[in-house]
Amino acid sequence: MTIHVNATRTAGSARAAQDAEARALLSLLADLPAGPDRDRVRGRVIELYLPLAQHLAGRFRNRGEQLDDLLQVATVGLIKAVDGFDPDNGAVFVGYAIPTITGELKRHFRDRCWDVRVPRRIQENRLRVMRVTGELTQRLGRSPTVADLAAELETSEEDVIEALDAGRAYRSLSLDAPANTNESDGPTDLSNLLGADDADMEQVETREALRPLLARLPEREQKIIAMRFFGNRTQSQIAAELGVSQMHISRLLTKALATLRTQLTRG
């Protein structure tokens, strides 16, 4: 027990000494001109308050971001606090640094962590909805409805629905992620479920324009075109069926296609 008390007192004395050093350095920092001496003092102040930044970063560690990334963001906030602090205002540095570091962390989540950029108003509404959802669940003994949330937040149901939908933009799914389907052909990924442009759609207008032009051709040429392009028959097969030479079929086909091409271009 004596050892524990002595250790606690020693740790407390060390923290008090560090706090005193930090306050003295902050006052000195405000008076130093730019240069190596000021850089050394500034670096020492940042070093002394790094545990504060680490502590604040730890509060955000269960929100889907790596702790190392949060520590970097918190350190940036600490540096901004050190550079922006004015001891002549009479404020305590910790009271100034905490909201500065916390604001930097919140800004990181707001601006950098959304896979799809969402307006700030909707992000804030989403946070409000998330906060009251737990409270309402305990109070009502069930999951709150959209109407419950809207009444609690004194907003419209449309705003609540918009905030709930925004949650899908925070983390997007990879197209390589497995898709949940009932098909028995084995696993598939989301990319296989995406639609694609139908190349035949580009030909719809041309086909409709060709329809009356085909009707104007002589009946034999219409038949040859139908057998060649719709029946997938070769010129030799068509010639054998019609009792003419393959060369004659080739000339008739070339003539008919040239006529259609000319009329289609004019149209």
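Residues numbered from 1 in each chain as written. Predicted model: local features only at pLDDT ≥ 70, side-chain atom pairs only at ≥ 80, totals over all residues. Heavy atoms only, no water.

As recorded in an unreviewed UniProt entry, the chain goes by the name RNA polymerase sigma-B factor, listed as coming from Dactylosporangium matsuzakiense.

**Here's the deal with the side chain of Thr102**
The residue Thr102 is located in helix 4 (residues 93-111) in this model. Non-local contacts of Thr102, meaning those with residues more than four positions away in its chain, are made with Leu56 and Phe60. (Helix = DSSP H or I, 4+ residues; strand = E, 2+ residues; numbered from the N terminus. Contact = heavy atoms within 4.5 Å.)

**Brief notes about the packing of helix 10 (residues 235-242) against helix 11 (residues 246-266)**
At a closest axis distance of 8 Å, the pairing of helix 10 and helix 11 adopts a crossing angle of 110 degrees. Overall, the two elements helix 10 and helix 11 adopt an arrangement that is roughly perpendicular. Of helix 11, the residues touching helix 10 (which contributes Gln235, Ser236, Ile238, Ala239 and Leu242) are Gln246, Ile249, Ser250 and Leu253. (Axes fitted to C-alpha atoms, helices over the stretch in contact; angles between N-to-C directions. Parallel < 35°, antiparallel > 145°, perpendicular 65-115°, else oblique.)

**Here we look at the packing of aromatic side chains**
Overall, the coordinates contain three aromatic pairs when judged by the stated rule. With 5.2 Å between their ring centres and 85 degrees between their planes, Phe85 and Phe93 make a pair best called edge-to-face. Judged by centre distance (5.8 Å) and plane angle (50 degrees), the rings of Phe85 and Tyr96 are tilted. Linking Phe85 in the loop between helix 3 (67-84) and helix 4 with Tyr96 in helix 4, this pair joins segments that are 11 residues apart in sequence. Accessibility expressed as a relative area gives 31% for Tyr96, which makes it partly exposed. Grouping aromatic residues by their ring pairs yields a cluster made of Tyr49, Phe85, Phe93 and Tyr96. (Phe/Tyr/Trp six-rings, centres within 6.5 Å; stacked < 30°, edge-to-face > 60°. Buried < 20%, exposed > 50% of the residue type's maximum accessible area, 1.4 Å probe, protein only.)

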